[in-house]
Number of protein chains: 2
Amino acid sequence: MSRRTGKRTFALSGVYAVAAGTVVGDMEGKGPFGPYYDRVLNDDLFGEKTWEKAESKMFQFAVDKAIEKAGLMTGDVDCLIGGDLLNQIISSSFAARELHLPYLGIYGACSTFSEATLLGGLLIDSRSMDCVVCATSTHFSTAERQYRMPLELGTGRPPTAQRTTTAAGACVLRNRGPGVRVTGCTLGEIVDWHIKDANNMGAAMAPAAADTIAAHLLETQRAPGYYDCILTGDLGHHGSEVAIKLLRQRGFDISKNHADCGIEIYPANADVQSGGSGCGCSAVVFGAFYLKELMKGRINRLLLVSTGALLSPTSTLQGETIPGIAHAVAFESGEEG
Amino acid sequence: MSRRTGKRTFALSGVYAVAAGTVVGDMEGKGPFGPYYDRVLNDDLFGEKTWEKAESKMFQFAVDKAIEKAGLMTGDVDCLIGGDLLNQIISSSFAARELHLPYLGIYGACSTFSEATLLGGLLIDSRSMDCVVCATSTHFSTAERQYRMPLELGTGRPPTAQRTTTAAGACVLRNRGPGVRVTGCTLGEIVDWHIKDANNMGAAMAPAAADTIAAHLLETQRAPGYYDCILTGDLGHHGSEVAIKLLRQRGFDISKNHADCGIEIYPANADVQSGGSGCGCSAVVFGAFYLKELMKGRINRLLLVSTGALLSPTSTLQGETIPGIAHAVAFESGEEG
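Residues numbered from 1 in each chain as written. Chains lettered and ligands numbered in written order. Predicted model: local features only at pLDDT ≥ 70, side-chain atom pairs only at ≥ 80, totals over all residues. Heavy atoms only, no water.

Participant: With reference to specific residues and values, describe the overall build of chain A.
Facilitator: Counting its regular elements, chain A contains 10 helices and 15 strands. Rg of the C-alpha trace for chain A: 18 Å, near the compact-globule value of 20 Å for 337 residues, within the 12% margin. Taken over the C-alpha atoms alone, chain A extends approximately 55 × 45 × 35 Å along its principal axes. Look at the contacts in chain A between residues 6 or more apart in sequence, and 77% of them connect residues 24 or more apart. Accessible area of chain A: about 10,900 Å², with a carbon and sulfur share of 51%. (Helix = DSSP H or I, 4+ residues; strand = E, 2+ residues; numbered from the N terminus. Rg over C-alpha atoms; globule rule 2.2 N^0.38 Å. Contact = heavy atoms within 4.5 Å. Areas by Shrake-Rupley, 256 points an atom, 1.4 Å probe, with all protein chains shown as cover.)

Structure below.
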């Protein structure tokens, strides 16, 4: 049963990440994790008539694949926890309709994957549930036309902008292994440093990432070096620099063991400005690569910190700043000590 | 600690609904529960420049009021779980920014209030958390222009349409009383009976309500009469008829103890077609009236079943049908037996 180790942090036991399912678009497939994804789409319509339907099909594919790789059946799953970036999270909800699973829809912008994993971890730790699937999706073409401009315009992008990844990832959490232990989590609080530029979401999310990482380290009394990897979700190049600097000011040096899903997902020479974004990004980077590294023991301890920018086009038009949030989930390989 | 009593149902112990905060618009204030709300707005802009900012302020008011009525301080609250109908749930997220609370954003359309309460109940039952605030909001004017037509058009509405309520409600759940016990919950699954008419959401949600109520009764081995009141959220007149009929076909007669928040919130002669809707509706009807009735022992057992239609304007334009979902939460007055 979970033990509170601080205001926002919970120690978990008996929770295992046992398998993940991932699918990405063509451009993401050309990135360094290309060989690790379960499927790379040549056609980002995935055989559907619209990008929105394609994104929902990707969500469904990721969940089905994760359940299959866990050696389970849909009927073994107690609950699907998921969300995405589309208005009314239709990618998740329409996928949940096809999956016939009890369903809890969530929204945390690009922090959604760690929010889902945190909730799933708490529900399994408490023995309420035995098996939860946590899933998210994003699609460049659905996000672009919903959040920004019609794709046909071919709008230019400033260097701080991030590219919404075409990616869907699902992770099966279970009350037994074999798998990677989910050993703790830290709830995010909203941090808003009054950034107004929707083309600089890394800077808007970085203070939230730094806040959650600092809270996690303080409440667990751990040094940053406890983790082999502190993996932020989608700060990009600019946001990562800001987060590292903010944490240094608070006495934590994460520069040596920090990685960011938004930086890592694309090839180094890709034309994606500050990096990738979208809640699918951390789901597939974690699920396709880091989870396997943990399973193989090549990484022993990882803190996943997906970060979200809780704006909407309406809030931006109404002159609002961008609230950021980040939830953290700790994963450790090997048996319980 | 929660005990699974079936695939989707959990028995909870040591969870209490201790106080609620509510605020509604002028038209809702003229309904039968007018005297019970904490605040009735004369001006649905609530002193703000836009309806979206007003809705977020209502959300914040409801949370602050609920915490105050519980005799607590913000610092006593472990987590805020909330959502609303606006794209990217900005009402909740911008309110959470002002409230400085750990925050889990969720989206379940009009089922959001019971989804929040179900999650809060499970997290307190497991002793992970001591105090959770569950909150939702909706606003007629923000929903109308986002989901349907510019208000200035004054579009007519068919008899099956429902009016989005201007309402925000928050409920404090705690690990100790005095309060009303939260004794169980049943997770919703998506049910889609291929309704395509966004002006008939009651019919789209009724099969999901019937499915969850039947699952709850079967998995708890209870007859409908176990509850003094089975309170659905926002089926309206048409949807309620459908749900009662569907349950009768499955051998459950809820006609004698069924009430619907969407029917009850407005005066009987109000020009609101089939009734009210919006996730704020069940939050304020439950929080302002039924929770007090339970506290006073005038009702002993109530099953709250908020119902959601998981469509978006985009999914409708792309020819999709409307997936429905409903989550159920059981409340009982008096001490643990």
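Participant: Tell me what's going on with the relation of the copies chain A and chain B, and back it up with residues and numbers.
Facilitator: Rotating chain A by 180 degrees and translating it 0.0 Å along the rotation axis places it on chain B, where the RMSD comes to 0.0 Å. Such a combination of rotation and displacement between the chain copies is what one expects of a two-fold axis. Rotation axis and chain A: the residue whose C-alpha lies nearest the axis is Ile106 of chain A, separated from it by 1.9 Å. When the interface residues of chain A are mapped onto chain B, 100% of them again lie at the interface, so the same face is used by both copies. (Least-squares fit on C-alpha atoms with pLDDT ≥ 70 in both.)

Participant: Lay out the nonpolar core with the relevant residues and their values.
Facilitator: Where a protein is soluble and globular, its nonpolar side chains tend to be buried together. In terms of nonpolar packing, the biggest core is built from 102 residues, with Tyr290 of chain A together with Tyr290 of chain B touching the most fellow members. Aside from chain neighbours lying at most four places away, what touches Tyr290 of chain B is Phe33, Cys229, Leu231, Ala259, Glu264, Val285, Ile299 and Leu302 of chain B. Counting residues in hydrophobic clusters, the runner-up holds 80 residues, among them Tyr147 and Ala168 of chain A together with Ile67 and Tyr103 of chain B. (Core = buried A, V, L, I, M, F, W, Y, C linked by side-chain atoms within 4.5 Å. Buried < 20%, exposed > 50% of the residue type's maximum accessible area, 1.4 Å probe, protein only.)

Participant: Before we move on, can you summarise the packing of helix H4 (residues 112-125) of chain A against helix H4 (residues 112-125) of chain B with the specific residues and values?
Facilitator: When two helices pack together, you describe them by how their axes are tilted relative to each other and by the distance separating the axes. For the pair H4 of chain A and H4 of chain B, interaxial distance at closest approach is 9 Å and the crossing angle is 50 degrees. When the axes of H4 of chain A and H4 of chain B are compared, the pair comes out oblique. Crossing handedness for the pair H4 of chain A and H4 of chain B: left-handed. Across the interface between the two elements, Leu119, Leu122 and Leu123 of chain A from H4 of chain A touch Leu119, Leu122 and Leu123 of chain B from H4 of chain B. Looking at side-chain class alone, the contact of H4 of chain A with H4 of chain B contains six nonpolar, no polar and no charged residues. (Axes fitted to C-alpha atoms, helices over the stretch in contact; angles between N-to-C directions. Parallel < 35°, antiparallel > 145°, perpendicular 65-115°, else oblique. Left-handed = near helix turned anticlockwise from the far one by under 90°. Nonpolar A, V, L, I, M, F, W, Y, C, P; charged D, E, K, R; others polar.)

Participant: Just give me the short version of the packing of aromatic side chains, but keep the residues and values in it.
Facilitator: Under the counting rule described, the total for this entry stands at 18 aromatic pairs over all chains. Between Tyr226 of chain A and Tyr227 of chain A, the aromatic rings sit 5.0 Å apart at their centres with planes inclined by 80 degrees, giving edge-to-face as the arrangement. Ring centres of Tyr36 of chain B and Phe289 of chain B lie 5.2 Å apart, and the angle between their planes is 85 degrees; this geometry places the pair in the edge-to-face category. Highlighted residues: Tyr36 of chain B in the loop between helix H1 (26-29) and strand E4 (39-40) and Phe289 of chain B in helix H9 (residues 279-295), separated in sequence by 253 residues. Judged by relative accessible area, which is 27%, Tyr36 of chain B ranks as partly exposed. Three or more aromatic residues link up through ring pairs in this structure, and these residues are Phe33, Tyr36, Phe289 and Tyr290 of chain A. Across from the ring centre of Tyr226 of chain B, 3.8 Å away, lies the NZ or CZ of Arg301 of chain B, which sits over that ring. (Phe/Tyr/Trp six-rings, centres within 6.5 Å; stacked < 30°, edge-to-face > 60°. Lys NZ or Arg CZ within 6 Å of the ring centre and 35° of its normal.)

By themselves, these are just geometric observations and shouldn't be taken as functional.
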